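Each chain, letter by letter, is given below.
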There are 2 protein chains.
Amino acid sequence: MGKRPTLMDVAEAAGVSRALVSIVMRDAPGASEATRLKVQQAAKELGYRPDSRARLLRSSRTRLLGVSFSTSHPFHAEIVDAAYAGATVRGYDIALSAVANGRPESRAVESLLDLGCEALIMISPTLGEDELAGYAARLPVVSLLRDDVGESLDSVSSDDDAGIRIALEYLSSLGHQRIAHVDGGDAVSSPQRREAFRAGMAGRGLESRVIPGGATEEDGLRAGRELLEDLPTAVLAFNDRCALGIWESFRAAGLRVPEDVSVLGYDDSQFARLSYVQLSSVSQDAPLLARAAVDRAIDRLEGSTPPAHLVRTPHLVIRNTTGPAPK
Amino acid sequence: MGKRPTLMDVAEAAGVSRALVSIVMRDAPGASEATRLKVQQAAKELGYRPDSRARLLRSSRTRLLGVSFSTSHPFHAEIVDAAYAGATVRGYDIALSAVANGRPESRAVESLLDLGCEALIMISPTLGEDELAGYAARLPVVSLLRDDVGESLDSVSSDDDAGIRIALEYLSSLGHQRIAHVDGGDAVSSPQRREAFRAGMAGRGLESRVIPGGATEEDGLRAGRELLEDLPTAVLAFNDRCALGIWESFRAAGLRVPEDVSVLGYDDSQFARLSYVQLSSVSQDAPLLARAAVDRAIDRLEGSTPPAHLVRTPHLVIRNTTGPAPK
DNA sequence: TGGGCGTCTTAGATCGTTCTATAGACTGGC
DNA sequence: GCCAGTCTATAGAACGATCTAAGACGCCCA
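> Talk me through the packing of aromatic side chains; I want residue IDs and the actual numbers.
Each aromatic ring pair is summarised here by two numbers: the centre-to-centre distance and the angle between the ring planes. Under the counting rule described, the total for this entry stands at two aromatic pairs over all chains. Relative to Phe69 of chain B, the ring of Phe69 of chain A lies with its centre 6.2 Å away and its plane at 15°, an arrangement referred to as stacked. Placement of the pair is Phe69 of chain A in strand S1 (residues 64-70) and Phe69 of chain B in strand S1 (residues 64-70), with the two residues belonging to separate chains. The cationic tip of Arg193 of chain B hangs over the ring face of Tyr266 of chain B; the distance from NZ or CZ to the ring centre is 3.8 Å.

Okay, structure coming up:
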């Protein structure tokens, strides 16, 4: 296993000094076109790649954004994907750290800090406000998909109130009056959506029925069975996976969706888009949120803007699981 | 944003030298119990955390394992999870790098290299043998879930031949003779499974029917529709997601599973385990494979064992989508 | 011809660690 | 009372990059 070449090696090969090679490698001003070519040539021949440990250590700016995500949430992967794209465009790099089984969020974040990240993007953080504030005192922190994080952090989230309102408006316009909400249990943003649902129904003079649910198909399945006892004409689920469970429990009971009952999801995740599912859903447009979070983090870093809470309005994606209320 | 404390700060606070603090922080021998306590106390008060960039740069051993995974494959997240657990047990750390949209595998790997990883674990690598060999010449590389990677890499994979054989034995024992295989298209390990299926069927004197499929529900759905034209008594799918699509197309056609036709998946992923799905499946036991890959990487690093190709035999998980062949 | 200026280049300090070599203190054996 | 041996502590050189300040060089103009 041969040692990897260093700046010094390239310098010797090209017959110049270390510093000059450094200048060329980072496209900094201070080298003539001729030497630039000569150095690049030598670097390529040696297969030189700058050692990011050394680079990160020395430079004041690491241009590194830390992203924490959860392995148990497939949705997060879509966001990570978009974050990479966004960061690259603005010349930043991304360091990932997962919160996994036996690896709490605090550990994930600490490791990003130790790596020299300049800003943090936390996807659906579960830490308490004070802990988050502790981190935010050291560097810009952007909370993605959760907005009740205090004034010292940025947040980029989707307007849950608006999302639920849009959903209810749509269902109302289809003639639905007996609408049930299966909530997200103790999932992040479940309380907001639940309250928005209650408020929206109250505003229409309708009775709000909330069934305890959760973030997974299992939870939806359980809630769906409960709904069967007194079937509403439409169900608004906490998220798509939950909606899928609900849908399934209806199918198992021989009910047709949407003829007998409409089911509306939330997230517009890949599950909703599956051709045989074709779930109507409230879309938060995660890639767009991810881009916004990245931009927010970088803006905080480069300008001196104060933390802000960015809220985007979700929109409805109508597919095949919603229809007019049955007579 | 105050500067974070360094070794030097702790040393001054504790009234000892830098080197001694370093010794204490690494739990290395060479410090008395008394000073150890004193230093630890000072470090805690200052909120000191070692800077991993500097640590990684200086130390010959970084104890870092690089893991590359794909954001578009939910299955990979389960593996990452298990890898973290495995690495922690053996005192190693993990650096993640995702291959995402617009971020090819080579880039993911390079960035892990630049970070100073001592070994690489690549989940279902898609690079060519020669490129992989190029990396393997520099450090131990373990390919996870793919075994045709040449002699210079390690691989930890599941025995596809055995998996298919077990599946066919099981289906045979249930009286199935008209068995179809929906393959994985151009997915990794699709060819192996397809050939194993052909061989197994030939060995039983049965006609093998292979339908082009893929790795997603969509692919399964398409293949399922094709199967409807001449329904077999059992279908062996490339993976669970594909099986789900097949199952769905059968349901849509009013067929009962498993009474009219059995469906068998592959992977035993979280999708198969969903209570309303209860898909019978060939389990590769991914967490176990992940652990094995981590162990393999570390063993290569610590001992001087040559690369090996570890193959684990999958096992069958029988749930509700398989049953006796209809008369 | 020599001083001033801008461009190209370089030496050397620096980032925060780990590591090697060595100094000092203390013990025990002869 | 001295040397060997162990243990604790320290100084100083790495690691591989970036950054600052200053040197070398060419060119123009007086």
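> Describe in detail the protein's contact with DNA strand C, supporting the description with residues and values.
Ser17 and Arg58 of chain A together with Leu7, Ser22 and Arg58 of chain B are the nearest of the 26 residues found near DNA strand C. Protein-proximal atoms of DNA strand C, defined as those within 4 Å of the protein, fall in sugar or phosphate at a share of 61%. Arg26 of chain B places a polar side-chain atom, nitrogen or oxygen, 3.1 Å from a phosphate oxygen of DNA strand C. Interatomic distance of 3.0 Å between a side-chain N/O atom of Arg55 of chain B and a phosphate oxygen of DNA strand C.

> Describe the interface of chain A and chain B, listing the residues and the values that go with them.
Accessible area lost upon the coming together of the parts is a frequently used measure of interface size. Contact residues are listed per partner, giving 48 residues for chain A and 48 residues for chain B. Around 4200 Å² of area is buried between chain A and chain B when both sides are counted, 53% of it from carbon and sulfur atoms. There are eight salt bridges connecting chain A and chain B. When the shortest N-O distance is used, the salt bridge between Arg49 of chain A and Glu110 of chain B registers 3.3 Å. Where chain A packs against chain B, one counts 22 residue pairs in polar contact (both at pLDDT 80 or more). Of all the secondary-structure elements, those providing two or more residues to the side of chain A that touches chain B are helix H4 (52-58), helix H5 (74-89), strand S2 (93-99), helix H6 (105-114), helix H10 (217-228), helix H11 (240-252) and helix H12 (270-273) of chain A. Here the side of chain A that touches chain B takes six residues from H5 of chain A, the largest share from any one element.

Each value, and the rule that gives it
- Residues numbered from 1 in each chain as written.
- Chains lettered and ligands numbered in written order.
- Predicted model: local features only at pLDDT ≥ 70, side-chain atom pairs only at ≥ 80, totals over all residues.
- Heavy atoms only, no water.
- Phe/Tyr/Trp six-rings, centres within 6.5 Å; stacked < 30°, edge-to-face > 60°.
- Helix = DSSP H or I, 4+ residues; strand = E, 2+ residues; numbered from the N terminus.
- Lys NZ or Arg CZ within 6 Å of the ring centre and 35° of its normal.
- Near = heavy atom within 4 Å.
- Polar contact = N/O pair within 3.5 Å; in protein donor to acceptor, adjacent residues only side chain to side chain.
- Contact = heavy atoms within 4.5 Å.
- Buried area = accessible area lost by both parts, 1.4 Å probe.
- Salt bridge = Lys/Arg side-chain N within 4 Å of Asp/Glu carboxyl O.

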